[in-house]
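Per-entry structural report
Chain by chain, the residues:
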Amino acid sequence: MGLLFCFLFAGFFFTAPFVDCSRSLPESPQTTTVLDVSEALEKTRNLLSFDPAKKPAFTSLDQSFSASSSLSLHVHPRAYIHKSSHSNYKSLTLSRLERDSARVSSLTTRLDLAINGITRSDLKPIDNGLEFRTEDLESPIVSGSSQGSGEYFSRVGIGKPPNQVYMVLDTGSDVNWVQCAPCADCYQQTDPIFEPASSSSYSPLTCETQQCKYLDTSECRNDTCLYQVSYGDGSYTVGDFVTETITLGSDSVNNVAIGCGHNNEGLFIGAAGLLGLGGGPLSFPSQLNASSFSYCLVDRDSDSTSTLDFDSALPPNAITAPLLRNHQLDTFYYLGLTGIGVGGELLPIPESAFQMDESGNGGIIIDSGTAVTRLQSDTYDVLRDAFVKGAKYLPSADSVSLFDTCYDLSNRSSVDVPTVSFHFSDGKALPLPAKNYLIPVDSAGTFCFAFAPTSSSLAIIGNVQQQGTRVGFDLGNSLVGFVPNKC
């Protein structure tokens with residue numbers, strides 16, 4: 001009866017400070033888990049010395065195809081293709097966090113604009129001349145393609161015959177695009193710039209096509225469709241909207257709507273463009289008519305690889321949760337999270353803290369391009385305080401950037417830390433590995449609790465918390481599935 005009252009009380013006063021009604025989880029869950037400090041610090045040192053130029057050259061064997069999936073390709077962390085320019089790991093961390101904050105700000109801005117019925121063309125008129133003007137670009141959309149934000153890449157063939165290039169993977173974006181010759185302004189990429197004239201399958205889209213109408217910002221020139229996408233860090237891409245053949249390994253997909261960018265600016269270092277994995281009609285999964293897709297994000301401080309699979313069923317042992325959609329913005333994938341646990345205790349956070357209201361505000365999305373999980377401030381405070389209480393035996397350190405809870409583990413090779421877990425309906429739970437929430441911020445032994453507060457109503461589960469777990473999106477059955485240790 002007391003537990004029932006606790007639920008009712010917390011739910012009724014969800015706008016007030018959270019009441020103290022923590023409760024033990026069933027089946028005596030684990031209260032602590034081990035963090036391998038030495039291994040984590042070794043990775044920080046190896047990352048700065050790793051040279052992608054010395055890895056084996058790309059071959060067709062780099063693509064993998066499994067019997068359970070119609071299409072599959074390898075996923076690489078940024079370290080695999082781009083050598084860090086930072087002299088030390090702390091500098092790299094600060095750069096990552098700065099880019100991450102820009103991304104989060106722009107994701108929330110895009111949602112706010114959608115909820116209020118404002119488009120980017122409402123913010124500033126589009127130039128009606130022959131070219132988009134770069135000063136007309138707005139930034140309500142952002143991708144994980146900026147330098148240092150923990151993004152992931154895949155090798156993709158563009159055109160016929162296919163030109164192999166690296167593309168950023170982003171569940172927070174819908175529009176696919178690649179840099180194209182002739183370049184009015186192109187940034188440096190690992191592979192040669194795509195040459196449309198060399199492809200027999202290149203076909204411009206007219207302004208009356210449905211694909212052109214799906215664009216948030218477009219313009220007509222000689223009855224051909226021009227696209228424009230801008231990103232939260234000032235990066236942008238502008239060019240022709242066309243259809244092309246996309247090749248994944250030995251399989252090709254024809255007539256994929258893709259931007260051919262002739263004017264591109266920003267820190268998309270190494271990548272030739274972006275493969276949008278969002279929920280909108282222009283995203284790659286939507287154009288494939290995929291019933292599902294899944295990815296596993298390897299440690300971003302490693303040169304390991306995993307796979308992105310399309311039309312692969314969730315395995316029976318997957319921990320599933322509802323996949324929810326926002327009627328105001330179809331790009332984002334919302335997760336039916338019901339609670340968070342620390343040290344074997346389900347925290348006193350009402351489920352309403354994770355729910356989306358009828359207007360489209362609130363809720364929590366799962367995103368491949370955001371690095372650090374953001375939670376509403378009240379929710380974050382409860383989580384952080386519970387972790388600090390459980391880790392009171394660890395020596396504290398100064399805060400670092402957006403991380404307010406840090407520890408000095410320089411004299412430790414491993415430590416026991418409180419467990420952290422995400423909870424879903426029907427008693428399902430996803431325990432996180434310690435390395436997914438207590439991460440090094442330098443090579444000297446400073447580790448920080450890798451969650452952060454947000455003043456926005458939108459919460460985000462970032463890729464640091466997803467690392468090492470296969471995340472599947474069953475689009476047909478509206479489910480998100482998690483399979484730990486399945487990279």
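It should be emphasised that the depicted structure is a prediction, and the values quoted were computed from it without experimental measurement.

About the cut-offs
- Residue numbers run consecutively from 1 along every chain, following the written order of its sequence.
- For a predicted model such as this one, the threshold for reporting local features is a pLDDT of at least 70, and the threshold for listing and counting side-chain atom pairs is 80 or more; totals across whole chains, interfaces and linings nevertheless cover every residue.
- For the side-chain quantities, the full set of heavy atoms in the structure was used; hydrogens and water were omitted.
- Among the buried residues, those of types Ala, Val, Leu, Ile, Met, Phe, Trp, Tyr and Cys that are joined through side-chain atoms within 4.5 Å form a nonpolar core.
- Only protein chains enter the calculation, and the probe is 1.4 Å; a residue is then buried if its accessible area is under 20% of its type maximum, exposed if over 50%, and partly exposed in between.
- Secondary structure counts use DSSP, requiring at least four H or I residues in a row for a helix and at least two E residues in a row for a strand, with both numbered from the N terminus.
- Throughout, a residue-residue contact means that at least one pair of heavy atoms, one from each residue, lies within 4.5 Å.
- Any two strands between which DSSP finds at least two bridges are classified as paired.
- Multiplying one less than the number of residues by 1.5 Å gives the expected span of a helix.
- Directions from the helix axis toward the C-beta atoms define the arc.
- Counting of polar contacts relies on pairs of N or O atoms within 3.5 Å, with two restrictions inside protein: one atom must be capable of donating a hydrogen and the other of accepting it, and residues adjacent in sequence are counted only when both atoms are side-chain atoms.
- Under the pairing criterion, centres of Phe, Tyr and Trp rings, with the six-membered ring standing for Trp, must be within 6.5 Å; the plane angle then separates stacked pairs below 30 degrees from edge-to-face pairs above 60, leaving the rest tilted.
- Here, a salt bridge means any Lys or Arg side-chain nitrogen found within 4 Å of an Asp or Glu carboxyl oxygen.
- Note on geometry: axes are lines fitted to C-alpha atoms, helical ones only across the stretch in contact, with angles between N-to-C directions running from 0 to 180 degrees.
- Any angle from 65 to 115 degrees is called roughly perpendicular, while one under 35 is roughly parallel, one over 145 is roughly antiparallel, and all others are oblique.
- By the convention adopted, Pro, Cys, Tyr, Trp, Phe, Met, Ile, Leu, Val and Ala count as nonpolar, Lys, Arg, Asp and Glu as charged, and the other residues, Gly among them, as polar.
- Pairs of cysteine sulfur atoms within 2.5 Å are what we label disulfides.

1. A closer look at the nonpolar core
Counting 76 residues, the largest nonpolar core has Phe310 and Phe451 as the members making the most contacts within it. Core analysis: the second largest hydrophobic core is formed by 17 residues, Tyr166, Leu215, Cys225 and Phe241 among them.

2. Section: the environment of Gly339
Relative to the helices and strands, Gly339 resides in strand β17 (residues 337–342). Along the primary structure Gly339 and Ser421 are separated by 82 residues, whereas in three dimensions their C-alpha atoms are 8.6 Å apart. Once residues within four sequence positions are removed from consideration, Gly339 is found in contact with Leu346, Phe354, Ser421, Phe422 and His423.

3. Brief notes about the pairing of strand β11 (residues 251–265)
Bridge count between strand β6 (residues 177–179) and β11: three bridges; the pairing is parallel. Among the inter-strand pairings, Trp177 is bridged to a residue of β11, identified as Gly259. Where strand β10 (residues 236–248) lies against β11, twelve bridges are found, and the strand directions are antiparallel. Of the residues in β11, the one forming a bridge with Val242 is Ile258. The loop that links β10 with its antiparallel partner β11 comprises two residues; one of these, Gly249, has a positive phi angle of about 65°.

4. Remarks on helix α2 (residues 37–49)
For α2, spanning 13 residues, the distance from its first C-alpha to its last is 19 Å, which sits close to the expected 18 Å at 1.5 Å a residue. If you check which residues of α2 are buried, you get Val37, Ala40, Leu41, Thr44, Leu47 and Leu48. Relative to the axis of α2, the buried residues are bounded by an arc of 115° and lie together on one face. For α2, the side-chain oxygen to backbone nitrogen distance between the N-cap and Ser38 is 3.4 Å, and the N-cap itself is Asp36.

5. Regarding the packing of aromatic side chains
Within the structure shown, the criterion is met by 13 aromatic pairs. Measuring from centroid to centroid gives 6.3 Å for Phe387 and Tyr407, while their planes differ by 65°, and the two rings are edge-to-face. Of this pair, Phe387 sits in helix α7 (residues 377–390) while Tyr407 sits in strand β22 (residues 406–408), and the two are 20 residues apart along the sequence. By relative accessible area, which is 0% here, Phe387 ends up buried. Its relative accessible area of 4% is what places Tyr407 among the buried residues. Note on Phe387 and Tyr437: the rings are 6.0 Å apart at their centroids and 85° apart in plane angle, and the pair reads as edge-to-face.

6. Let's talk about the pattern of salt bridges
What the rule picks out here adds up to 14 salt bridges. The closest approach of N and O atoms between Lys43 and Asp299, which form a salt bridge, is 2.9 Å. Here the residue Lys43 occupies a position in helix α2, and Asp299 occupies one in the loop between β13 (292–296) and β14 (306–310), the gap between them amounting to 256 residues. Relative accessible area serves as the criterion here: at 21%, Lys43 is assigned to the partly exposed category. The exposure class assigned to Asp299 is buried, which follows from its relative accessible area of 18%. Overlapping salt bridges bring together Asp381, Arg384, Asp385 and Asp404 as one network.

7. A short note on the environment of Gly266
Among the secondary structure elements, Gly266 is positioned in the loop between β11 and β12 (273–276). Accessibility expressed as a relative area gives 23% for Gly266, which makes it partly exposed. Gly266 sits 29 residues away from Thr237 along the chain, and the two C-alpha atoms are 8.8 Å apart. Those residues in contact with Gly266, other than ones at most four positions away along the chain, are Tyr187 and Ser235.

8. Some words on the packing of α2 against helix α3 (residues 89–115)
Close contact between α2 and α3 brings their axes to 10 Å; oriented N to C, the two are set at 85°. With respect to their mutual orientation, α2 and α3 come out roughly perpendicular. Between α2, through Thr44, Leu47 and Leu48, and α3, the contact on the second element is made entirely by Tyr89, Leu92 and Arg96. Here the residues of the contact of α2 with α3 are counted per class, giving four nonpolar, one polar and one charged.

9. Some details on the state of the cysteines
With the rule as written, the count across this model stands at six disulfides. Through a disulfide, Cys183 is tied to Cys186; the S-S separation comes to 1.9 Å. Where Cys183 bonds to Cys186 through sulfur, the torsion about that S-S bond is close to -80°, and the disulfide is left-handed. For Cys186, a relative accessible area of 24% puts it in the partly exposed group. Sulfur-sulfur distance for the disulfide between Cys207 and Cys220 comes to 1.9 Å.

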